[in-house]
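# Tertiary structure, described
Chain by chain, the residues:
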Amino acid sequence: MQPFHALLLLAVMATLVAFAFVVRWERARYEKLGKLSGWRRVRLASIPIALLVVALVWLPARATSGMEGLAVFYIMLLVAAPLAWFGAHGVVGRMASPPLSLAESAAVAASPLAVGLVAVYVAHALQTPVWQFLRSMGLA
């Protein structure tokens, strides 16, 4: 395995562990509020919602040829995807029992995005020191 692939694997594993801690913290928070069942329904609905949002962005972009397809992709990614992501979580939160408020549903929807953004920031910040370490070890 190349050092780059090992670094990617390490970053993905660290991100998954961080997300597991966030989910455990969320679970404890909603359990204290007495809304554990509603939280669980919204959290589990994130998987099909993610697939729906990917299809919402990808399919119109693929159906449009040329540079217009790229424009459609960016418009859908920056406008339609966030509306669909947070809107669908809000709908599922309202239908859950006990129902979650719009702010609670938005917090559940935002947590994977926040973990991903933090992971990207940390990976970017650590890129130079890690490569210097690998070079000093003779691995890169």
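Presented here is an overview of the structure given in this document. (Residues numbered from 1 in each chain as written. Predicted model: local features only at pLDDT ≥ 70, side-chain atom pairs only at ≥ 80, totals over all residues. Heavy atoms only, no water.)

### Re the pattern of salt bridges
As a working rule, side chains carrying opposite charge can pair if their charged atoms are close by. Scanning the entire structure with this criterion turns up three salt bridges. Between Arg43 and Glu26 there is a salt bridge; the shortest N-O distance is 2.8 Å. Here the residue Arg43 occupies a position in helix H2 (residues 36-63), and Glu26 occupies one in helix H1 (residues 3-32), the gap between them amounting to 17 residues. The residues Arg43 and Glu26 share a single accessibility class, namely buried. Residue Glu31 pairs with Arg27 through a salt bridge whose shortest N-O separation is 3.4 Å. Residue Glu31 and its partner Arg27 are both found in helix H1; the two are separated by four residues, about one turn of the helix. Owing to a relative accessible area of 44%, Glu31 belongs among the partly exposed residues under this scheme. In this structure Arg27 comes out as partly exposed when scored by relative accessible area, which is 34%. (Salt bridge = Lys/Arg side-chain N within 4 Å of Asp/Glu carboxyl O. Helix = DSSP H or I, 4+ residues; strand = E, 2+ residues; numbered from the N terminus. Buried < 20%, exposed > 50% of the residue type's maximum accessible area, 1.4 Å probe, protein only.)

### Regarding helix H3 (residues 67-95)
For H3, which comprises 29 residues, the first-to-last C-alpha distance of 40 Å matches the rise-based estimate of 42 Å (1.5 Å per residue) to within 8%. For H3, the principal kink sits at Met76 and spans about 40 degrees. Buried residues of H3: Gly69, Met76, Ala80, Ala81, Trp85, Ala88, His89, Gly90, Val92 and Gly93, and no others. Residues of H3 that are buried sit in contact with H2 and helix H4 (102-136). (Expected span 1.5 Å × (residues − 1). Bend = angle between axes of the 7 residues up to and from the residue. Contact = heavy atoms within 4.5 Å.)

### Points about the side chain of His89
Along the chain, His89 falls in helix H3. Residue His89 is classed as buried on the basis of its relative accessible area of 0%. A distance of 2.7 Å separates the side chain of His89 from the side chain of Ser46, its partner in a polar contact. Not counting chain neighbours up to four residues away, the residues in contact with His89 comprise Val42, Ser46, Ile49, Ser105 and Ala109. (Polar contact = N/O pair within 3.5 Å; in protein donor to acceptor, adjacent residues only side chain to side chain.)

### Digging into H1
With 30 residues, H1 extends 44 Å from end C-alpha to end C-alpha; this agrees with the ideal 44 Å at 1.5 Å per step. Looking one or two places after H1, you find Gly34, whose phi comes out positive at around 80 degrees.

### Details of the packing of H3 against H4
Viewed as axis vectors pointing N to C, H3 and H4 meet at an angle of 135 degrees, and their least axial separation amounts to 8 Å. One finds that H3 runs oblique with respect to H4. As for the relative orientation of H3 and H4, their crossing is right-handed in sense. The segment H3 lies against H4, with Trp85, Phe86, His89, Gly90, Gly93 and Arg94 engaging Leu102, Ser105, Ala106, Ala109, Ala110, Pro112 and Leu113. Here the residues of the contact of H3 with H4 are counted per class, giving eight nonpolar, four polar and one charged. (Axes fitted to C-alpha atoms, helices over the stretch in contact; angles between N-to-C directions. Parallel < 35°, antiparallel > 145°, perpendicular 65-115°, else oblique. Left-handed = near helix turned anticlockwise from the far one by under 90°. Nonpolar A, V, L, I, M, F, W, Y, C, P; charged D, E, K, R; others polar.)

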